[in-house]
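Spelled out, the chains give:
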Amino acid sequence: MEQELLIGNESHVNYGTEHLLSLSVAQDALAPYSLSSGGPSTLPLELMDRPTEDEGEDTGNHGNEGLPPPADQLPQGEHNDSIPLQMDWSSLSISEHVAREALVQYTANKCCYRIAPAKHMVVQSLTPLNTFRYRLQTFTETRETFLISELYDGGFVDSSDVAPAPAPWAMLVDAPPLFTDCEMHIPVPHTYSVQDCPNCQGHGKNRCHSCNGSGKRRCTACSGTGWQDTSNQSCLFCSGSGKRRCSNCHGYGWWQCIRCYGKGLLLYHSELTITWKNNIAEYVVEKNSGFPIYHLQEAAGKEIFSDENQVVYPIVNFPEPTIDRGSESCIAQHQMQLASNSHILRQKQTIELIPLTKVEYEWRGKVYSFYVFGNENKVYAEDYPAKCCCSVM
Ligand SMILES: [Zn+2]
Ligand SMILES: [Zn+2]
Ligand SMILES: [Zn+2]
């Protein structure tokens, strides 16, 4: 039985048949904007307390998350339905010469592999195990707003009295090239307002905690008595008062507010954060050949099918049937993960043929094997016969 490996966006997930998403789920994926039919978001830009970054305070995520994306009005383009016909993919194999050259190169680059077996081995068989990689790229845009505060020095305030503030999805921006990660921060016009500084409640200053606002603290030299211990004279440090000037606030009893610099007011506005992300899900067909399939992540293949559109549909009738299910699953996975809180701008799906050949050879009376894979003719040779001790570590 074949096994499938789904390489998700953030983690690698193995799934068996029981975890495959049903066809009905995948078909639901064909209506991606059902969640976004409400049009551009009109969520209020809630005013939330957020310190300015230069104060070094927490600037974590205080935004309104998951703004619903707008209904999409872009027309759908033509889909590529031209699934390649069954070719002689399964029998394509590298030549013995190429296999030997790949192994020689591989051992030459490894300090602890001796080159002799690679040069003088007797190749017994070359078994093609070529496989397929399905890759789905989903390019999304997410919009969130955050409340930003800054010092206010007077002057014009672009408030909602000037004009209504635009909804997040109504703001026009230049998007980056397709399938490119990018982030942009834009102040939202007409969201500015002047409010009391929350750190000092608008007073511009805060009471000194060391002296509780009095500006004086008990004299430590005389413990507040005002008299010297050893003589009947008044304390030299506090002149007999028993109190000294508070060193923390220099006797003022209060501190100027560090957030508003004593103004008592801050200028607030909404900032729109737009995130474009290229999400990738992959599916590789494994044929239980003994070759660790994760090595294929670093190998290039030959692209045999490509389809790009606003949304793509699951592959059907690919000669290797698990590709159909893998594509269905990847599309459904992205739909579930991404459609509810971001706007899917574009999708692209590709199928690559990844060359993989198992080479069996004899060296000094014993049989060994190695694998040559990818367009680059990379090598995996776990049981290579001439490794020195350091390779055991
Ligand atoms: Zn303040
Ligand atoms: Zn004293
Ligand atoms: Zn003080």
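Thresholds applied
Residues numbered from 1 in each chain as written. Chains lettered and ligands numbered in written order. Predicted model: local features only at pLDDT ≥ 70, side-chain atom pairs only at ≥ 80, totals over all residues. Helix = DSSP H or I, 4+ residues; strand = E, 2+ residues; numbered from the N terminus. Buried ≥ 20, exposed ≤ 12 C-beta atoms within 10 Å, placed from the backbone. Contact = placed C-beta atoms within 7 Å. Core = buried A, V, L, I, M, F, W, Y, C linked by C-beta atoms within 7 Å. Pairing = 2+ DSSP bridges. Axes fitted to C-alpha atoms, helices over the stretch in contact; angles between N-to-C directions. pLDDT = per-residue confidence, 0-100. Expected span 1.5 Å × (residues − 1). Arc of directions from axis to C-beta.

Before going further, it helps to examine the overall build of the chain. What the chain contains, in helices and strands, is 4 helices and 16 strands. In the chain, which comprises 393 residues, the proportion classed as buried is 30%. In the chain, once contacts between residues fewer than 6 apart in sequence are set aside, the share between residues at least 24 apart is 81%.

Another point: the environment of Trp-255. One can find Trp-255 in strand β10 (residues 254–256). Trp-255 sits 49 residues away from Asn-206 along the chain, and the two C-alpha atoms are 5.2 Å apart. Excluding residues that lie within four positions of it along the chain, Trp-255 makes contacts with Lys-205, Asn-206, Cys-208 and Cys-249.

The next thing to look at is the nonpolar core. As a rule of thumb, nonpolar side chains are buried together in soluble globular proteins. Judged by nonpolar contacts, the single largest core of 41 residues is most densely connected at Leu-103, Phe-132, Ile-323, Phe-370, Val-372 and Val-379. Of all elements in the fold, only α2 (96–108), β4 (131–151), β11 (265–286), α4 (321–338), β13 (343–354), β14 (356–363) and β15 (366–373) reach the threshold of two or more residues within this core. With 5 residues, α4 is the largest single contributor of residues to this core. Apart from the residues within four sequence positions on either side, Val-379 is in contact with Ala-102, Leu-103, Tyr-106, Phe-370 and Val-372. If you look at the next biggest cluster of nonpolar residues, it comprises 10 residues, including Phe-146, Cys-260, Leu-267 and Tyr-268.

Strand order in this open sheet of 4 strands is β3-β14-β15-β16, and the pairing throughout is antiparallel. The open sheet has two free edges, formed respectively by β3 (122–128) and β16 (378–380), since each of these has just one partner strand. Taken pair by pair, the neighbouring strands of this sheet meet at an average axis angle of 25°, ignoring direction. As paired strands, β3 and β14 are joined by 6 bridges and run antiparallel to one another. In the strand pairing of β14, Val-122 is matched with Glu-362. Helix-sheet contacts for α2 involve β3, β14, β15 and β16, and the interaxial angle to β3 is about 105°.

Quick look at the environment of Cys-112 now. With respect to the element layout, Cys-112 can be found in the loop between α2 and α3 (116–120). You can call Cys-112 partly exposed: it has 14 C-beta atoms within 10 Å. A C-alpha to C-alpha distance of 8.2 Å links Cys-112 and Ala-386, two positions 274 residues apart in sequence.

Of all residues in the chain, 75% attain a pLDDT of 70 or more, and the chain-wide mean is 80. Per-residue pLDDT stays below 50 along residues 1–66; that stretch engages in 112 contacts with residues further than four places along the chain or on separate chains. Within the model, the stretch residues 71–75 combines pLDDT values under 50 with 6 contacts to residues more than four positions away or in other chains.

On to the pairing of β11. Consecutive residues of a regular strand have side chains that alternate between opposite faces of the sheet. Bridge analysis of β4 against β11 gives 19 bridges, and the strand direction is antiparallel. Residue pairing in the sheet places Thr-140 in a bridge with Lys-277 of β11. Judged from the 6 bridges that link them, strand β5 (residues 182–187) and β11 form a sheet pairing that is antiparallel. Counted as the bridge partner of Ile-186 is Leu-272 from β11.

Note that Arg-143 resides in strand β4. When the 27 C-beta atoms within 10 Å are taken as the criterion, Arg-143 is described as buried. Remark: the alpha-carbon pair of Arg-143 and Pro-168, spanning 25 residues in sequence, is separated by 6.7 Å.

Right, let's talk about α4 for a bit. Between its terminal C-alpha atoms α4 stretches 26 Å, which fits the 26 Å expected from 18 residues at 1.5 Å a residue. For α4, the buried fraction is high: 14 of the 18 residues fall into the buried class.

In this section: α2. With 13 residues, α2 extends 18 Å between its outermost C-alpha atoms, agreeing within 8% with the 18 Å of an ideal straight helix rising 1.5 Å per residue. Those residues of α2 that fall on the buried side of the exposure criterion are Ala-99, Ala-102, Leu-103, Tyr-106 and Thr-107. One side of α2 carries all its buried residues, which in axial view fall inside an arc of 125°. Counted as exposed and oriented over 90 degrees from the buried face of α2: His-97 and Ala-108. Those residues of α2 that are buried lie in contact with α3, β3, β14, β15 and β16.

A word on unusual backbone geometry. Phi at Phe-179 takes a positive value of approximately 60°, unusual for a residue other than glycine. Summarising the element assignment, Phe-179 is placed in the loop between β4 and β5. Residue Phe-179 is classed as partly exposed on the basis of its C-beta count, with 18 C-beta atoms lying within 10 Å. Of note, Asn-317 is a non-glycine position whose phi angle comes to about 60°, a positive value. Looking at where Asn-317 falls in the secondary structure, it is placed in the loop between β12 (302–309) and α4. Residue classification places Asn-317 among the exposed residues on the basis of 10 C-beta atoms within 10 Å.

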